Amino acid sequence: MLFHTPKFQSEMRITHLNERLESHQRFLAGAAFPKAEQKLLAKNQEKSKKLRTKDGQRVYVLDFKGDIQASAVEHLREEITVILSMARAGRDQIVLRLESPGGLVHGYGLAAAQLARLREAGFHLTICVDKVAASGGYMMACIAQEIIAAPFAVVGSIGVVAQMPNFHKLLQSLKIDFDVYTAGKYKRTVTMFGENSEEGKEKFEEELEQTHQLFKHFVEKYRPKLDVSIIATGEHWYGEDALNLKLVDQLQTSDAYLLSLLPTRDVYVIQSRRKMTLAEKFGLQAAQMAGQVALQIIPTLEQKMQAGLAQLSRRLPEFRDPTL
């Protein structure tokens, strides 16, 4: 189900997972099961629907695929705002399927703050990690009351890193000066093109250490059972090791976890995305049309080429491959 209005630059898709699964089950049963089993399936589906209606609990599923800038936070904040305005705190549950290797501190700090809104409003938040939740990704994951990770998912990497090339010696060899003018002693501690002083390097490292301390305190706040002195080394862990260190609470894929919820709860996936502009829509349609035309033309060209080669081989028998 897709909703959008002309006034806004985004659209939201709502998928009822229970209905989608039941539809697939009926399709498979109709193709492969005898009539008696089809009737039994229909009966069981009706029982499950009544149970869900009686229980009345809903699960809202969100997705976050993080890049270095955490740009998906723009959609996440909109989805969370909708949930906070409609869902029932203390009764409905939120599940976030998270995948991120981390990135910029301020981007992931904002993303984590969005998830904190859910906890502060009284919602139970479960985060599922199928592939990776490292560094800034784990900063987001630790907000949840429960973290579920696939057996080979990568979690942890609680550390801070900064890399910067320096071209000062190259510019010096080319007799090029590079001047930096600042107001404030530490406005610019290190630079890519100028000569970096030891004092500037030390200040930059101090700032990194301060950020690391903030990261550690943040993790301690939301997962007090963690021994931060062991896990805040910048290392990452898989499966059983992550579970033993209490970085995660359970080993399971997001698919298995959501499937376990479907018999008793209505599960809805909420996805917002930027609406395509008219130009983008025309561009996509043009690309699709070009692809369809190519699919029609290529076989005809292949047939003509094969016919031409066959005719050429008949005229020049001496060039035929004897193994053909």
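The coordinates are above.
Every value quoted in this text rests on a predicted model; they were computed, and no experiment measured them. (Residues numbered from 1 in each chain as written. Predicted model: local features only at pLDDT ≥ 70, side-chain atom pairs only at ≥ 80, totals over all residues. Heavy atoms only, no water.)

A. Spotlight on the overall build of the chain. Within the chain, the regular secondary structure consists of 11 helices and 10 strands. Taking all 324 residues of the chain together, the buried fraction comes to 33%. Carbon and sulfur atoms make up 57% of the accessible area of the chain, which totals about 20900 Å². (Helix = DSSP H or I, 4+ residues; strand = E, 2+ residues; numbered from the N terminus. Buried < 20%, exposed > 50% of the residue type's maximum accessible area, 1.4 Å probe, protein only. Areas by Shrake-Rupley, 256 points an atom, 1.4 Å probe, with all protein chains shown as cover.)

B. The arrangement of unusual backbone geometry in detail. A positive phi angle, close to 55°, is found at Ala-70, a residue other than glycine. Turning to its location among the elements, Ala-70 is positioned in the loop between β3 (58-65) and α3 (73-86). Here the phi dihedral of Lys-246 falls at roughly 70°; this positive angle occurs in a residue that is not glycine. In this structure, Lys-246 sits in the loop between α9 (239-244) and β9 (250-251). The class for Lys-246 is partly exposed, based on a relative accessible area of 41%.

C. Examining the pairing of strand β5 (residues 124-134) more closely. Of all 11 residues making up β5, 8 are buried, and the element is well covered by its neighbours. Tracing the backbone out of strand β4 (residues 93-100), into helix α4 (residues 105-120) and back to the parallel element β5 gives a crossover that is right-handed. Pairing geometry for β5 and strand β6 (residues 146-149), over 4 bridges, is parallel. From the neighbouring strand, Thr-126 faces β6, where its bridge partner is Glu-146. The parallel pair β5 and β6 is bridged by helix α5 (residues 136-141), and the resulting crossover is right-handed. Sheet topology note: the β5/strand β7 (residues 154-156) ladder contains 3 bridges and is parallel. When the bridges of β7 are listed, Ala-133 appears paired with Val-155. (Right-handed = clockwise from strand over helix to strand, strands pointing away. Pairing = 2+ DSSP bridges.)

D. Representation of the packing of aromatic side chains within the structure. Throughout the structure, instances matching the rule amount to 5 aromatic pairs. With a centroid separation of 6.1 Å and 25° between ring planes, the pair formed by Tyr-60 and Tyr-268 is classed as stacked. Pair noted here: Tyr-60 is in strand β3 and Tyr-268 is in strand β10 (residues 266-274), with a separation of 208 residues, a long-range link. Look at Tyr-60 and you get buried, because its relative accessible area is 13%. Residues Phe-167 and Phe-193 carry aromatic rings whose centres are separated by 5.7 Å and whose planes lie at 25° to one another, so their mutual orientation is stacked. Of this pair, Phe-167 sits in the loop between β7 and α6 (168-173) while Phe-193 sits in the loop between α6 and α7 (198-222), and the two are 26 residues apart along the sequence. Classification of Phe-167 as partly exposed rests on a relative accessible area of 32%. Among the aromatic residues, those joined into a cluster by ring pairs are Phe-167, Phe-178 and Phe-193. Positioned above the aromatic ring of Tyr-186 is the side chain of Lys-203, whose terminal nitrogen or guanidinium carbon lies 4.8 Å from the ring centre. (Phe/Tyr/Trp six-rings, centres within 6.5 Å; stacked < 30°, edge-to-face > 60°. Lys NZ or Arg CZ within 6 Å of the ring centre and 35° of its normal.)

E. Representation of the packing of α3 against α4. Orientation of α3 relative to α4, taken along the N-to-C sense of each, is 10°, at an axis distance of 10 Å. One way to sum up the angle between α3 and α4 is to call them roughly parallel. Contacts from Val-73, Leu-76, Arg-77, Ile-80, Thr-81, Ile-83 and Leu-84 of α3 reach α4 at Leu-110, Ala-111, Gln-114, Leu-115, Arg-117 and Leu-118. In terms of residue class, the contact of α3 with α4 is built from 9 nonpolar, 2 polar and 2 charged. (Axes fitted to C-alpha atoms, helices over the stretch in contact; angles between N-to-C directions. Parallel < 35°, antiparallel > 145°, perpendicular 65-115°, else oblique. Contact = heavy atoms within 4.5 Å. Nonpolar A, V, L, I, M, F, W, Y, C, P; charged D, E, K, R; others polar.)

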